[in-house]
Amino acid sequence: MNWSWLQELLSGVNKYSTAFGRIWLSVVIVFRFLVYVVAAERVWSDDQRDFECNTRQPGCSNVCYDHFFPVSHIRLWALQLILVTCPSLLVVMHVAYREAKQRKCREAEGENCRRLYPDPGKKRGGLWWTYLLSLVFKVAVDVTFLYIFHRLYPNFNLPRVVRCTEAPCPNTVDCFIARPTEKKLFTYFMVATATLCILLNLCEMTYLVAKRCWELAARRQGREQLSKPTGCHHCAQQKNQGLSTSSSGQAPFRSVPLYRGEGAASEGRRGSYLISVHSLSLAQTPSTSANFSPASFPAD
Amino acid sequence: MDWGTLQAILGGVNKHSTSIGKIWLTIMFIFRVMILVVAAEEVWGDEQNDFVCNTLQPGCKNVCYDHFFPISHIRLWALQLIFVSTPALLVAMHVAYRRHEKKKQFRKGGQTCEFKDIEEIKSQRFHIQGPLWWTYTSSIFFRLIFEALFMYAFYFMYNGFRMPRLVKCNAWPCPNTVDCFVSRPTEKTVFTIFMIAVSGICILLNVAEFCYLLIKVFLKKPVFFFF
């Protein structure tokens, strides 16, 4: 097993991400994984062998290396990269669960089975929360590891010489780190990319929450504008089964559905999430890729 | 995950590139990535082990190596190749976005839809015009900037492109001035000049592609393009 296995897993995540999520994934793969594998690993390869102490005391070098490098940068980054990509798998698993549920229903009831999810990959209902939670975990992992790095290696600095007084070293001994400047540069680079990833995740979280609030506000506004109350669950179901014409007499629109108490804007135009009494044609099978055009689906 | 990842990413962009862009991509992978992986890495593989200083003072070798090679040639080249390839991702993202829009249109079943099925959309080649022209041109511009920056960084850090046989070091804890000997200096110089020359060719190709795109646009719509 090597990094390519993780890469294959991640490529499946791309389908269910927003635009921010795809940029985040590109940054992680190109600037973190690739740099780690092709460059950083080589820099740290002779880490302990070339850690030299100004003493002939046996064991002093080992003890000093262990004191100043409790966990090597390279291993910390490997852990960080694995943990930061894991939350995305939650989303993949949730979508797989939805698809399995739909498949089971179809097997059990045949063609009579109503569609549970018009698009299992669409971030609505539980999947929206799973996605948001995965973003929170990603930020938490990156922040935690940055904090660990800062505690272990203050200011992410790697000096040329460290002074060691651990037993069995006699008195104070000078120990010299191999390639400190190169290691420092790569450390700064990896810290910068981790910070960029945190910012991207925060932007994505803000975007998701803002979009949802906007949709809810628009739905509330739309409800107030409509003459008939649409709060009734059964009325919404009936409406969703057929199409109702708008008050302006233009082409039909889909009414607002209810899905576990959450609303969904039912627009097909990218960037416009207002529920409108005017016509906006909707795709019956909304797109599975970027979350540009939310679509409605029947309530459970 | 290795250079194959980069190749996979850039391979997708190749379809939508100009002819000069395709030549650039070929040169990138054959004369830079491949040479880096199969040859240059071997030459620099033993660089610190065989960096020998004329002293028994512990730590002197480490400090002198760090002083004269703050960042190894190999790592600089790896970073250069990654950064120079990254702008192509902008084009890949733009193409993916256009494809997504076309798929949406196809699914709505618009009358203007000219595709028979989704597979045709997936394999469609987009011409470099309109907003894609701006994305593509920006990516070439950034490529040029990154290439120039890295070449300058090389020149600045190593005072030229020649690897000396002997360096004189007086950094602490070395006693006085100490002679340190670089391993395989001639071979390293040859590869450095080779990689710099190929970088130069890539810069020229990028400039040519940039001019070609500008000329193409100005010939089609001389004045009104930007309005």
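Below is a summary of the structure that appears in this document.

Cut-off values and rules
- Along each chain, residue indices are assigned from 1 in the same order as the chain's sequence is written.
- Chain A is the first chain written and ligand 1 is the first ligand written, with later ones labelled in order.
- The predicted nature of this model means local features are confined to residues of pLDDT at least 70 and side-chain atom pairs, given and counted, to a pLDDT of 80 or more, with totals for whole chains, interfaces and linings taken over all residues.
- By convention in this description, side-chain values take in all heavy atoms of the structure and omit both hydrogens and water.
- Put simply, DSSP marks the helices as runs of H or I at least four residues long and the strands as runs of E at least two long, and each gets a number from the N terminus on.
- Every helix has an expected span of 1.5 Å times one less than the residues it contains.
- Whether two residues are in contact is decided by their heavy atoms: any pair within 4.5 Å suffices.
- Buried area: the accessible area, evaluated with a 1.4 Å probe, that two parts lose upon being put together, summed over both parts.
- For salt bridges, the criterion is a side-chain nitrogen of Lys or Arg within 4 Å of an Asp or Glu carboxyl oxygen.
- Three classes are used, and their members are as follows: Ala, Val, Leu, Ile, Met, Phe, Trp, Tyr, Cys and Pro are nonpolar, Asp, Glu, Lys and Arg are charged, and the others, Gly among them, are polar.
- Angular values range over 0 to 180 degrees, each being the angle between N-to-C directions of two axes fitted as lines to C-alpha atoms, with helices fitted over their stretch in contact.
- Angles are sorted into four bins: roughly parallel if under 35 degrees, roughly antiparallel if over 145, roughly perpendicular if 65 to 115, and oblique for all others.
- Crossings are assigned a handedness: left-handed for a near helix turned anticlockwise from the far helix by less than a right angle, right-handed for a clockwise turn.
- Within this analysis, patches are made of residues with over 30% relative accessible area and no salt bridge. Like charges are joined at 9 Å or less; nonpolar side chains (Val, Leu, Ile, Met, Phe, Trp, Tyr) at 5 Å or less.
- All accessible-area figures derive from a Shrake-Rupley calculation using a 1.4 Å probe, and residue coverage is judged against the displayed protein chains alone.
- Under the rule applied, a polar contact is a pair of N or O atoms within 3.5 Å (in protein, one hydrogen donor and one hydrogen acceptor; residues adjacent in sequence only if both atoms are side-chain atoms).
- Only strands joined by at least two bridges in the DSSP assignment are considered to pair.

Along its 28 residues, helix α7 (residues 131–158) of chain B runs 41 Å from first to last C-alpha, staying within 8% of the 40 Å computed at 1.5 Å per residue. Among the residues trailing α7 of chain B, Asn159 of chain B stands out with phi positive, at a value near 45°.

Okay, the interface of chain B and chain A next. Counting residues at the interface gives 38 residues for chain B and 45 residues for chain A. For the chain B and chain A pair, buried surface summed over both sides reaches about 3,700 Å², with 61% attributable to carbon and sulfur atoms. For the pair chain B and chain A, the interface holds three salt bridges. Among the salt bridges present, the one from Arg42 of chain A reaches Glu41 of chain B, with a minimum N-O distance of 2.9 Å. Secondary structure elements with two or more residues in the side of chain B that touches chain A: α1 (3–14), α3 (60–68), α4 (73–85) and α5 (87–108) of chain B. Counting residues per element, the side of chain B that touches chain A draws most heavily on α5 of chain B, which supplies eight residues. In terms of residue class, the side of chain B that touches chain A is made up of 19 nonpolar, ten polar and nine charged.

Moving on, we get to the packing of helix α5 (residues 126–152) of chain A against helix α6 (residues 180–225) of chain A. Residues and elements named next belong to chain A. Contact geometry for α5 and α6: axes closest at 10 Å, N-to-C directions at 155°. Judged on the interaxial angle alone, α6 and α5 are roughly antiparallel. Relative to α6, the crossing made by α5 is left-handed. Along its contact with α5, which presents Trp128, Tyr131, Leu132, Leu135, Val136, Lys138, Val139, Asp142, Val143 and Leu146, the element α6 presents Val191, Ala194, Thr195, Cys197, Ile198, Asn201, Leu202, Glu204, Met205, Leu208, Val209 and Arg212.

Okay, a nonpolar patch on the surface next. Residues and elements named next belong to chain B. Residues Leu90, Phe141, Phe142, Ile145 and Leu149 make up a contiguous nonpolar surface patch of about 450 Å² in total accessible area. With four residues, the top contributor of residues to the nonpolar patch is α7. Locating Leu149 in the fold gives a position in helix α7.

Let us look at the side chain of Asp66 of chain B. Considering the arrangement of structural elements, one finds Asp66 of chain B in helix α3. Engagement of the side chain of Asp66 of chain B in a polar contact is seen with the side chain of Thr181 of chain A, the distance being 2.7 Å. Non-local contacts of Asp66 of chain B, meaning those with residues more than four positions away in its chain, are made with Arg160, Arg179, Pro180, Thr181 and Glu182 of chain A.

Among the secondary structure elements, Ser134 of chain A is positioned in helix α5. Non-local contacts of Ser134 of chain A, meaning those with residues more than four positions away in its chain, are made with Pro87, Ser88 and Val91 of chain A.

All names here are of chain B. Ordered in space as β1-β3-β2, the three strands form an open sheet in which the pairing is antiparallel. Unpaired on one side and paired on the other, β1 (52–53) and β2 (166–169) mark the two borders of the sheet. With four bridges connecting them, β2 and strand β3 (residues 178–181) associate as antiparallel partners. Bridging from a neighbouring strand, Leu166 pairs with Phe181 of β3. Relative to the sheet, α3 contacts β1, β2 and β3, its axis offset from that of β2 by approximately 110°.

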